[in-house]
Amino acid sequence: MTDQVVPRLRFAPAPTGFLHLGSARTALFNWLYARHTGGELVLRVEDTNAELARPELIDNIYESLEWLGIDWDGEPVRQSQRDHLYQEAIDRLVGDGRAYEDDGAIRFRVGDAGSTSWDDVVRGTVTFEHEHVEDFVIRRSDGSATFFLANAVDDLDLGITHVVRGEDLVNVTPKVIMLRRALGATDLPVFAHLPLIVNDKRKKLSKRRDDVSLASYRERGIIAPAMANYLALLGWGPPDDVEVRPMSEIVELFELTDINASAAMFDLKKLTAINGDYIRAMSVDDLADAIRPYIDAEPWGPGVDDESLRRVVPLLQERAKLLEEAPGIVDFLFFDDPEIDEASWQKIMTTETALPMLDAVVTAYADIEWTSHDLHAATLAAGEALGLKLGKAQAPVRVAVTGRTVGPPLFESLEMLGRDESLRRIEAARTRLT
RNA sequence: GCCCCCAUCGUCUAGCGGCCUAGGACACCACCCUCUCAAGGUGGCGGCACGGGUUCAAAUCCCGUUGGGGGUACCA
């Protein structure tokens, strides 16, 4: 009884113009299992009408999956090109008396007797009594096949062995099983109905009120491996408690039987935290490339050359959790004048020691070697002369030069800004103070 | 309404009858480190929905209650 059949999975999205987070997770789980078992993953595009068959919508699916790192085997299957198969199946069903015409549509006859059940990997045995399943349409009056029919025909025809999909499809499963059997199949694929991804109201993620597009997270600066890693954690967990890890390891550990049955809330905070982990682990060059578009989107951005960008990356790398945050962390380095945050000014520059400290630093900075090391030493000494620890001493300088109380390491920032510009900003602050 | 499913810290999860005075992660709080902020380190807060069984023993098995969700289209 050892079936050595190679698992064959499929991901079957409808081209809606964007990949839904839930769909992305479904794609990922299919992919994980296929790769884990050395099986195959078929990409089946459910472009069942002319509007959905538009090339740009389908390309969007390819691009989204590729971004996430999900590949598939063979050419994508397009349902729009398989109508002849569906029509054949419908004719056969009608011929066999399993389906009948009703107001121009064709319905599959379910009847009231018996039940259909299957052993779901995630949910155990699920049973539907036929008396609760209505006769359902398999061909619309316009001649097109419905989802149920196409689904059953394709899974059979493509030799799909494992159906991994969202829980919102459990109720269609008995229909698909009935069709499959009516079409002559004696076997059933393995079914695994994944728990839904829900919002903070515990409702299924909806396009209307939730940010469900994979692309929108990408735009905000979630990087692909972080997203894939996080998605893998929704409904599944590694046996060793190591959550953030390379996808290759997740492929190795992943099992359908380990998937949870209960809905998982999409937690942007956790996603963001994981994203920060990945950002910190990037090389300077890779991170520089990754934030380039975000820099360029700033008014001051396009002028920043690659060399400068790379120098600045270490300053923001452990401070940015989202790529989109990157420009705001180092922008002051590229302004003609720092944008002074008034709250910061009020907090720091109104202290008695602010002006004396700036005075001291102007003198001290005049003829030191312009390195972060010497700047550090000079600032420390200037502060001590005023009875200030470094923490207090550096504050006015920071506000004068960066415009804020918080930011990247001050002395590295000063080093990058250069002596002339740094002193110019400090002078400007002194002028404002006196 | 009817059908189906779900139920461990606020959230994601580990647990698959004894290793559990329930482990990890995110979030939160405190402390340490420290030029600010981060990052990092240490510690803390916090949970098996409830009620019955079964068993020597239940977070783990069964039943019920309650709560939540999904589906109820000639959409997919």
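What counts, and where the lines are drawn
- Residues numbered from 1 in each chain as written.
- Chains lettered and ligands numbered in written order.
- Predicted model: local features only at pLDDT ≥ 70, side-chain atom pairs only at ≥ 80, totals over all residues.
- Heavy atoms only, no water.
- Helix = DSSP H or I, 4+ residues; strand = E, 2+ residues; numbered from the N terminus.
- Buried < 20%, exposed > 50% of the residue type's maximum accessible area, 1.4 Å probe, protein only.
- Contact = heavy atoms within 4.5 Å.
- Pairing = 2+ DSSP bridges.
- pLDDT = per-residue confidence, 0-100.
- Near = heavy atom within 4 Å.
- Polar contact = N/O pair within 3.5 Å; in protein donor to acceptor, adjacent residues only side chain to side chain.
- Nonpolar A, V, L, I, M, F, W, Y, C, P; charged D, E, K, R; others polar.
- Phe/Tyr/Trp six-rings, centres within 6.5 Å; stacked < 30°, edge-to-face > 60°.
- Lys NZ or Arg CZ within 6 Å of the ring centre and 35° of its normal.
- Domains from an automatic or database assignment.
- Buried area = accessible area lost by both parts, 1.4 Å probe.
- Salt bridge = Lys/Arg side-chain N within 4 Å of Asp/Glu carboxyl O.
- Axes fitted to C-alpha atoms, helices over the stretch in contact; angles between N-to-C directions.
- Parallel < 35°, antiparallel > 145°, perpendicular 65-115°, else oblique.
- Left-handed = near helix turned anticlockwise from the far one by under 90°.

Considering the environment of V163
In step 1: Tracing the backbone shows V163 in strand β9 (residues 162-166).
In step 2: Relative accessible area serves as the criterion here: at 0%, V163 is assigned to the buried category.
In step 3: Sequence separation of V163 and F11 is 152 residues, and the distance between their C-alpha atoms is 8.6 Å.
In step 4: Ignoring sequence-local partners within four residues, the contact set of V163 consists of R10, D155, P189, V190, F191 and A192.

Observations concerning the pairing of strand β4 (residues 99-102)
Two faces make up the sheet, and in a regular strand the side chains alternate between them.
In step 1: Of the strand pairs in this sheet, β4 and strand β5 (residues 105-108) are connected by four bridges, and their pairing is antiparallel. Counted as the bridge partner of A99 is F108 from β5.
In step 2: The antiparallel hairpin formed by β4 and β5 contains two residues in its connecting segment, where D103 sits at a positive phi of about 55 degrees.

Quick look at the confidence of the model for chain A
In step 1: Residues of chain A with pLDDT of at least 70 account for 99%, and the chain-wide mean is 96.
In step 2: Two summary scores accompany this predicted model of the complex, namely pTM at 0.96 and ipTM at 0.96.

Some details on the protein's contact with RNA strand B
In step 1: With respect to spatial proximity, 61 residues lie near RNA strand B, and among them R140, R202, E318, R319 and G407 are the closest.
In step 2: Per the 4 Å cut-off to the protein, sugar and phosphate atoms form 71% of the nearby atoms of RNA strand B.
In step 3: A distance of 3.0 Å separates a phosphate oxygen of RNA strand B from a polar backbone atom of M265.
In step 4: Taking P409, its main chain carries an N or O atom lying 3.1 Å from a base oxygen of RNA strand B.
In step 5: Of all the secondary structure elements, the ones that give two or more residues to the surface near RNA strand B are β5, β7 (124-129), α4 (147-157), β12 (264-265), α9 (268-280), α16 (390-402) and α17 (410-417).
In step 6: The residue makeup of the surface near RNA strand B, split by class, is 23 nonpolar, 15 polar and 23 charged.

Here's the deal with the packing of aromatic side chains
In step 1: Per the stated rule, a full pass over the model turns up 13 aromatic pairs.
In step 2: Relative to F136, the ring of F108 lies with its centre 5.4 Å away and its plane at 35 degrees, an arrangement referred to as tilted. Taken together, the residues F108 in strand β5 and F136 in strand β8 (residues 136-139) connect sequence positions 28 residues apart. Each member of the pair, F108 as well as F136, carries the same accessibility label: buried.
In step 3: Here the aromatic rings of F147 and F148 are separated by 5.9 Å at their centres, their planes lie at 65 degrees, and the arrangement is edge-to-face.
In step 4: Owing to a relative accessible area of 18%, F148 belongs among the buried residues under this scheme.
In step 5: Three or more aromatic residues link up through ring pairs in this structure, and these residues are F108, F136, F147 and F148.
In step 6: Here R432 stacks its cationic end above the ring of W345, 4.0 Å away from the centre of that ring.

Remarks on the domain arrangement of chain A
In step 1: Along its sequence, chain A is organised into domain 1 (214-333) and domain 2 (342-433).
In step 2: Once you take the C-alpha centre of each, domain 1 and domain 2 turn out to be 33 Å apart.
In step 3: On the side of domain 2, eleven residues touch domain 1, which itself brings nine residues to the contact.
In step 4: At the boundary of domain 1 with domain 2, total buried surface from both sides reaches about 910 Å², with 64% on carbon and sulfur atoms.
In step 5: When the buried surface of domain 1 facing domain 2 is broken down by residue, R311, L315 and F332 rank first, second and third, together holding 63% of it.
In step 6: Our count for the contact surface shared by domain 1 and domain 2 stands at one salt bridge.

Looking at the packing of helix α7 (residues 224-232) against α9
Helix-helix packing is characterised by the crossing angle of the two axes and by the distance between the axes.
In step 1: At their nearest, the axes of α7 and α9 sit 9 Å apart, and the two run at 135 degrees to each other. Relative to α9, the element α7 lies oblique. Viewed along their axes, α7 and α9 form a crossing whose handedness is right-handed. Together, P225, A226, M227, N229 and Y230 of α7 and K270, L271, I274, N275 and Y278 of α9 make up the contact between the two elements.

Quick word on the pattern of salt bridges
In step 1: Here the structure, examined in full by the defined rule, presents 33 salt bridges.
In step 2: Put simply, D47 and R78 hold a salt bridge, and the shortest N to O gap is 2.6 Å. Taken as a pair, D47 in the loop between β2 (40-45) and α2 (55-68) and R78 in strand β3 (residues 77-78) lie far apart in primary sequence, 31 residues in all.
In step 3: Among the salt bridges present, the one from R220 reaches D211, with a minimum N-O distance of 2.7 Å.
In step 4: Take D211: its relative accessible area is 35%, and that puts it in the partly exposed class.
In step 5: Within the structure, one salt-bridge network assembled from shared partners comprises R10, R44, E46, R82, D154, D155 and D157.

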